[in-house]
Amino acid sequence: MRIARSLAAAAAAALASAALAGCSPHEPTTDHEATPDFTVFGAASTRVINEGFQALSPNNLTFVNAGSTDLVQQLKDGAEADVLITADRRSMDAAVDAGVARAPQEVALNSMVLVVPKGNPAGIESVNDVQREGVNLVLCDAQVPCGATAQDLIRANNLSVQPVSLEHNVTDTLGKVTSGEADAAFVYRTDAQAAGDAVETIDIPHAEDYRNAIMAAVVTSTARDSDASQLVALLRSAEMAKVWSEHGFTPAEG
């Protein structure tokens, strides 16, 4: 009898222990579970705000930076993303028309400058000097936002130029100058600022008349529409305005 009582007591203790274990709190969720990854397709010119955007976001963000037209095409081809940021309104309109983005918002403005390598070896003093024989000028291709705006400024300033190469995004265009392969290039003011003392900057007349609207929108294929909408709203927030300004953009009003 004494043995039977001991076995019964042990069994009861085991059941009680199991019950308590079942009622114990779950292990805390990991940061990844609490802040899931979101993919942001961002124009090459907006790569400078990635760190600041991530610091303000409650979510883990993965950035894919490339030319706006390339990003829109990738979405058309079935690439997965949650938020799209383009360097101009035209590219965003193309994304909306294709059904890959919705509810676009203007989040910032950008303008262009002329950059030359540190030391200005070609002796370029104004935008008119890019017309000189022997000056190696690089532009973005006209099919991408930085190229379309460059063409507007070339016309506005009555320039006649023969670029030595046409690049598919502003990062590569700037790279031709910082590497010494080109004497000058039209790039966004924000990219020139990010390059620091690797380049010297020359203002382009009428640049403020041809500013690019940085646009952000929810990618229609996202599985987390509400959260993606909040990320777009964050890009227009007062906190994010400080990030845009820090990198040379003009934050959108409102």
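A brief look at the structure comes next. Just so we're clear, the structure is a prediction, and the values are computed from it rather than from any experiment.

### Quick look at the environment of Glu167
Here's step 1: Along the chain, the position of Glu167 falls in strand 7 (residues 165-167).
Here's step 2: Linking Glu167 and Gly67, residues 100 residues apart in sequence, is a C-alpha distance of 9.8 Å.
Here's step 3: If we ignore the near neighbours within four places in the chain, the residues touching Glu167 are Val138, Leu139, Cys140, Asp141, Val144, Asp172, Thr173 and Lys176.

### Quick word on the state of the cysteines
Here's step 1: Scanning all chains against the criterion turns up one disulfide.
Here's step 2: Here Cys140 connects covalently by a disulfide to Cys146, the sulfurs 2.0 Å from one another. Disulfide Cys140 to Cys146: torsion about the S-S bond roughly -105°, handedness left-handed.
Here's step 3: Taking relative accessible area as the criterion, Cys140 reaches 1% and is therefore assigned buried.
Here's step 4: Overall, the relative accessible area of 4% leaves Cys146 in the buried class.

### Some points on helix 7 (residues 170-178)
Here's step 1: Turning to helix 7, its buried residues are Val170, Thr173, Leu174 and Val177. Mapping the buried residues of helix 7 onto a view down its axis gives an arc of 95°, with all of them on the same face.
Here's step 2: Put simply, Asn169 is the residue that caps the front of helix 7, since its side-chain oxygen is 3.1 Å from the backbone nitrogen of Thr171.
Here's step 3: Gly180 sits one or two residues past helix 7 and shows a positive phi near 85°.

### Regarding the pattern of salt bridges
Here's step 1: All chains considered together, the criterion is met by nine salt bridges.
Here's step 2: Between Arg102 and Asp225 there is a salt bridge, with the nearest N and O atoms lying 2.7 Å from each other. Taken together, the residues span a long stretch of sequence, with Arg102 in strand 4 (residues 101-110) and Asp225 in helix 9 (residues 225-235) at a distance of 123 residues.
Here's step 3: Between Asp152 and Arg155 there is a salt bridge; the shortest N-O distance is 2.7 Å. Separated by three residues within a single helix, Asp152 and Arg155 lie in helix 6 (residues 145-156), roughly one turn from each other.
Here's step 4: Residue classification places Asp152 among the partly exposed positions, given a relative accessible area of 26%.
Here's step 5: Here Arg155 falls in the exposed class, since its relative accessible area comes to 54%.

Thresholds applied
Residues numbered from 1 in each chain as written. Predicted model: local features only at pLDDT ≥ 70, side-chain atom pairs only at ≥ 80, totals over all residues. Heavy atoms only, no water. Helix = DSSP H or I, 4+ residues; strand = E, 2+ residues; numbered from the N terminus. Contact = heavy atoms within 4.5 Å. Disulfide = S-S within 2.5 Å. Buried < 20%, exposed > 50% of the residue type's maximum accessible area, 1.4 Å probe, protein only. Arc of directions from axis to C-beta. Polar contact = N/O pair within 3.5 Å; in protein donor to acceptor, adjacent residues only side chain to side chain. Salt bridge = Lys/Arg side-chain N within 4 Å of Asp/Glu carboxyl O.

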